[in-house]
Amino acid sequence: MEILNENRPIEVSKSPKSGISTGGKILIAATGGVAIGLSVVCASFVAPAFRRICLPYVPATSEQIQNVLSFLPKTAGGKLLDIGSGDGRIVVAAAQSHRALKTDGVELNPWLVYYSRLAALRHGVSKQTRFFRRDLWKFDIKDYNFVVIFGVEQMMQDLEHKLVAECPDNTKIIACRFPLPSLQHVKIIEDGVNTVWFYDLDKSSGNS
């Protein structure tokens, strides 16, 4: 018969620690980092929707680009501005086809501005182009003799007022998707969603 020893220590079995392995922690950290990165990038595209007048990013089609370029004289010089330049394709295309023309773009989304600068570098026109991350309503447009607009209907009236007030009298305006509401266009290429209106402030202002 076994005699119990009261002084004998009682052994308590330890259950294995439950926890997250090192690999799991790395996976969680990586997932969180990706989520934060996506949130930062997406915020630049979503934020404009909360502005009073939203200028969404809708890439220009090849037909729209050709229609815009058709209104630029072959010997065009001076400076061209693309308002809401997006990924920079209008600015780059105008620089490629008119080497005497300095072409700029103004865009609020920083990622699109960075992409545009890379696109200009890739196509060999980085010295001929500039891209600004600015609010278009606060951007100075008085030095441009060509202005391209890819706007939305709600902003065209206010934008027309800005153009008339700030641009030189000889400025040529090329509007895509929506026309300026009061100015009389000089030419038009009717092509459905790719329709482009051409305005000459020197001629259009007197008819408004």
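Residues numbered from 1 in each chain as written. Predicted model: local features only at pLDDT ≥ 70, side-chain atom pairs only at ≥ 80, totals over all residues. Heavy atoms only, no water.

For the protein chain, the count of helices and strands is six helices and seven strands. Its helices and strands in sequence order give the protein chain the pattern α-α-β-α-β-α-β-β-α-β-β-β-α, from N to C terminus. Sequence-distant contacts in the protein chain: of pairs separated by 6 or more residues, those separated by 24 or more amount to 66%. (Helix = DSSP H or I, 4+ residues; strand = E, 2+ residues; numbered from the N terminus. Contact = heavy atoms within 4.5 Å.)

Reading across from one edge, β3-β2-β1-β4-β5-β7-β6 is the order of the seven strands in this open sheet, with mixed pairing throughout. In the strand order of this sheet, the two ends are held by β3 (129-133) and β6 (187-189), each with one partner. Within the sheet, the average angular offset between the axes of one strand and its neighbour, ignoring direction, is 15°. The pairing of strand β4 (residues 146-150) with strand β5 (residues 172-176) spans five bridges and is classified as parallel. Bridged to Val 148 within β5 is Ile 174. Here helix α3 (residues 89-97) sits on the sheet and contacts β1 (78-83), β2 (101-107), β3 and β4; the angle it forms with β2, its principal contact strand, is near 180°. Packed onto the sheet, helix α5 (residues 156-166) meets β1, β4 and β5 and runs at close to 170° relative to β4. (Pairing = 2+ DSSP bridges. Axes fitted to C-alpha atoms, helices over the stretch in contact; angles between N-to-C directions.)

A few words on the pairing of β4. Burial analysis of β4 places five of its five residues in the buried class, the great majority of the element. Here β4 shows a buried face lined by Phe 146, Val 148 and Phe 150 and a second buried face lined by Val 147 and Ile 149. When β1 meets β4, the two strands line up parallel, connected through four bridges. By the bridge assignment for β4, Ile 83 is matched with Ile 149. In this region the chain leaves β4, passes through α5 and returns to the parallel neighbour β5; the handedness of that crossover is right-handed. (Buried < 20%, exposed > 50% of the residue type's maximum accessible area, 1.4 Å probe, protein only. Right-handed = clockwise from strand over helix to strand, strands pointing away.)

A word on the packing of helix α2 (residues 62-70) against α3. At their nearest, the axes of α2 and α3 sit 10 Å apart, and the two run at 45° to each other. By the angle between their axes, α2 is oblique relative to α3. Here the hand of the crossing between α2 and α3 comes out right-handed. Residue-level contacts link Ile 65, Val 68 and Leu 69 of α2 to Arg 89, Ile 90, Ala 93, Ala 94 and Ser 97 of α3. In the contact of α2 with α3, the residues fall into six nonpolar, one polar and one charged. (Parallel < 35°, antiparallel > 145°, perpendicular 65-115°, else oblique. Left-handed = near helix turned anticlockwise from the far one by under 90°. Nonpolar A, V, L, I, M, F, W, Y, C, P; charged D, E, K, R; others polar.)

In this section: the packing of aromatic side chains. For the structure on display, the rule yields four aromatic pairs. Where Trp 111 meets Tyr 114, the ring centres are 6.0 Å apart and the plane angle is 85°; that geometry is what we call edge-to-face. Residue Trp 111 and its partner Tyr 114 are both found in helix α4 (residues 110-122); the two are separated by three residues, about one turn of the helix. Using a relative accessible area of 46% as the deciding quantity, one classes Tyr 114 as partly exposed. Through successive ring pairs, a cluster of aromatic residues spans Phe 132, Phe 139 and Tyr 144. One Lys or Arg, Lys 187, reaches over the ring of Phe 198 and ends 6.0 Å from the middle of that ring. (Phe/Tyr/Trp six-rings, centres within 6.5 Å; stacked < 30°, edge-to-face > 60°. Lys NZ or Arg CZ within 6 Å of the ring centre and 35° of its normal.)

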